[in-house]
Amino acid sequence: MPIQYYIYLCLTLFSIGIIGVLTRRNAIIVFMCVELMLNAVNLLLVAFSKMHYGLAIGTPQEATAGLDAQIFVFFIMVVAAAEVSVGLAIIVMMYRNTHSVDINFLNRLKN
Amino acid sequence: MNAIILSALLGVVMMFSGIVTKNRTAITYIAIAGLIVLLLGNVLNTYGVFVLHIDTHSMLNFEKFGLFFNSIAIAATLIYVVLSGRDIEKVGVNVAEYYALIFFVLCGVSILSSFSGLLMLFLGIEIMSIPLYILTGADKRNLKSNEASLKYFLMGAFSTGIMLMGIALIYGATGSFGLGGTVRITAATGLPMHTSFLEVAGLLLLFVSMCFKVSAAPFHFWTPDVYDGAPSVFTSFMATIVKAAGFIAFVRLFDAHTEVLGPTWKLLLAFVIIATLLIGNVTAVFQQSIKRMLAYSSIAQAGFMLFALYGGNDLAKEGILLYTVAYSLATIGIFAVLIKMKDYTFDGFNGLAQKEPVLAFTSTICLLSLAGIPLTAGFFAKYYMLASVVDAGGSLWLVIVAVFFAAISVYYYFRVIQAMYFKEGEAATNGVISQGFKTGLLIVAGLILLFGVFPSLVLNAFYF
């Protein structure tokens, strides 16, 4: 399959994530949209990794081409997990105080 | 390397110290001792003494610039903890954890000052940011702190997503996570390789996400709310060390990349700088709360720090180091005074000069430095920034705009001085101000004046 298909798919997922972050008001759903953005990037990195491996076949770089992107994906997954633990803790902390996860609440700070 | 290893280890030590002792003062002393060890470790690193010899496979690049910035950041944290340690103890019950998080932030800072690939940039930014989300929400029962924390977290995670997309696109175009900088040659023709659309798009996304992190306009909107909502002690930390680290990463990242973007890059950057200066300075004029005013003023200072990116020469690198010193000292000083006040509005400072002359005097020095008045460190910091742009040539109009906005900033800084010295009122402080705290403030003010007269003290240390 051409690499373009993967790029379009990832950009679509990424855009859905961005639109979700900007329009949804539920903190958990906003958070899920952020995760969607990160996973779109993961998919894109893996696709690019295969592409660069394919380009390097028959050259001296064949053994290592594309490997760093696969490792990067693991780092993104680990960091995303750390972020989830902190983020959910913050949302729970807010829920305890306000009994709501609506981020319209945040506008209170402006005054 | 020493700074990264030691700060991570000391963070763990701090966490365990919370189990061993419940004495808050003791924990603060452990943190101060840890920071001194960290500072020594980093200075030794500059002279080639290592804790461990580790092959980083050229993912980290320890050059003088980054190591010296580490020293500045750690020394600023040391001053911050010495001055405001008592107030960190008052934020909540988990004092040891706050210090542990501060050490983890320093670990991220030392990665950001030495990364040589996009993977380490990403890790450094995340290691620096995630503890900050927690510190922002440290005041658990306070709704404002909760909201600030959630807002900071969502914005931070969002900008991380954008940054990762940028990195992925750059990887797709170039096939490596390196910082670039060399013009790639096509094997077949021997001509410079055509810069692909993917790479330019990736760089722009990276630029946007870094603007988010350093709160440059038009991506600054989270800053006032977060700085205002977070516990004041941690705002002080966020606005100084963390912000400066963001700028070091920004400068290191785009040092090598600007050629790919061509002349449009300077235009884009000029737009961001002017928007940042305009929004930061003009909005700060209308604030009633000094804490919020300082948040906007930190946006305005970010505009000045962006000049280092615009200049992009050696003078700019010296300038950003000097700016970090001047800005950190002044902001830590003024926040240390602010935390002691009961009322954060301008009226709350009325008549402080009669009641606490030392506090009023030192905060005056800090405010003068922030405004960039000669004989304070802030003057030479701003001077170096503008000189680097003049040196790079061709953008004199931008310097004139910057000086104009610096003049506006004098208005809102002097409003505080006016309130302290020329207005009648009962400035109420939280409890009695200890003698040690006053001495610490006087030392900070003394340092600001010293670097204002001899800025070469900082720069010589850089080249020594």
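About the thresholds
- Residues numbered from 1 in each chain as written.
- Chains lettered and ligands numbered in written order.
- Predicted model: local features only at pLDDT ≥ 70, side-chain atom pairs only at ≥ 80, totals over all residues.
- pLDDT = per-residue confidence, 0-100.
- Helix = DSSP H or I, 4+ residues; strand = E, 2+ residues; numbered from the N terminus.
- Core = buried A, V, L, I, M, F, W, Y, C linked by C-beta atoms within 7 Å.
- Buried ≥ 20, exposed ≤ 12 C-beta atoms within 10 Å, placed from the backbone.
- Contact = placed C-beta atoms within 7 Å.
- Expected span 1.5 Å × (residues − 1).
- Arc of directions from axis to C-beta.
- Nonpolar A, V, L, I, M, F, W, Y, C, P; charged D, E, K, R; others polar.
- Axes fitted to C-alpha atoms, helices over the stretch in contact; angles between N-to-C directions.
- Parallel < 35°, antiparallel > 145°, perpendicular 65-115°, else oblique.

Participant: Go over the confidence of the model for chain B, please, and point to the residues and values.
Facilitator: Averaged over every residue, the pLDDT of chain B is 89; residues scoring 70 or more account for 95%. When mean pLDDT is compared element by element in chain B, helix α4 (residues 95-112) of chain B scores highest at 95, while helix α10 (residues 258-261) of chain B scores lowest at 68.

Participant: Please give an account of the nonpolar core that cites residues and values.
Facilitator: Residues and elements named next belong to chain B. Of all hydrophobic cores here, the largest spans 208 residues; its most connected members are L306 and F307. Considering each element in turn, this core owes the most residues, 18 residues, to helix α6 (residues 143-174). Not counting the four nearest positions on each side in its chain, F307 is found in contact with I273, M385, L386, S388, V389 and A402.

Participant: Talk me through unusual backbone geometry; I want residue IDs and the actual numbers.
Facilitator: Residue and element names in this part refer to chain B. The linkage connecting A217 with the following residue, P218, adopts the cis geometry, with an omega of 0 degrees. In this structure, S58 is a non-glycine residue whose phi angle is positive, near 50 degrees. Of note, S58 is situated in the loop between α2 (24-46) and α3 (64-91). For L375, which is not glycine, the phi dihedral falls at a positive 80 degrees.

Participant: Go over the environment of B:P455, please, and point to the residues and values.
Facilitator: All names here are of chain B. Here P455 shows up in the loop between α19 (435-453) and α20 (456-463). Between the C-alpha atom of P455 and that of T364, which follows or precedes it by 91 residues, the distance is 20 Å. Ignoring anything within four residues of it in the chain, the contact list for P455 reads L322, A377 and F380.

Participant: Go over helix α1 (residues 3-23) of chain A, please, and point to the residues and values.
Facilitator: For α1(A), with 21 residues, the first-to-last C-alpha span of 30 Å sits near the 30 Å given by 1.5 Å per residue. Those residues of α1(A) that fall on the buried side of the exposure criterion are A:C10, A:F14, A:G17 and A:V21. The arc enclosing the buried residues of α1(A), seen along the axis, measures out at 55 degrees, which places them on a common side. Pointing more than 90 degrees away from the buried face of α1(A) are the exposed residues A:Q4, A:Y5, A:Y8, A:T12, A:I19, A:L22 and A:T23. Contact partners of the buried residues in α1(A): α2 (27-56) of chain A together with α6 of chain B.

Participant: Mind laying out helix α16 (residues 357-371) of chain B, listing which residues take part and the relevant values?
Facilitator: Residues and elements named next belong to chain B. If you check α16, its first and last C-alpha atoms are 21 Å apart, about what 15 residues at 1.5 Å a residue would give, namely 21 Å. Summarising burial for α16: 12 of the 15 residues are buried, a large majority. Here α16 has its buried residues at L359, A360, T362, S363, T364, I365, C366, L367, L368, S369, L370 and A371. Buried-residue contacts for α16 involve α12 (290-305), α14 (314-340), α15 (352-355), α17 (377-392), α18 (396-422) and α19.

Participant: How would you sum up the interface of chain A and chain B? Please name residues and give values.
Facilitator: Listed as interface residues are 34 residues of chain A and, on the opposing side, 31 residues of chain B. Secondary structure elements with two or more residues in the side of chain A that touches chain B: α1, α2 and α3 (67-98) of chain A. Per element, the largest residue contribution to the side of chain A that touches chain B is 16 residues, and it comes from α3(A). Across the side of chain A that touches chain B, the residue classes break down as 25 nonpolar, 5 polar and 4 charged.

Participant: Kindly report on the packing of helix α1 (residues 2-20) of chain B against α4(B), identifying the contributing residues and their values.
Facilitator: All names here are of chain B. Following both chains from N to C, one finds α1 and α4 inclined at 170 degrees, their axes separated by 8 Å at the closest point. Considering their axes alone, α1 and α4 lie roughly antiparallel with respect to each other. Of the residues in α4, those in contact with A3, I4, S7, A8, L10, G11, M14, M15, S17 and G18 of α1 are A96, E97, Y99, A100, F103, F104, L106, C107, S110 and I111. The class makeup of the residues in the contact of α1 with α4 is 14 nonpolar, 5 polar and 1 charged.

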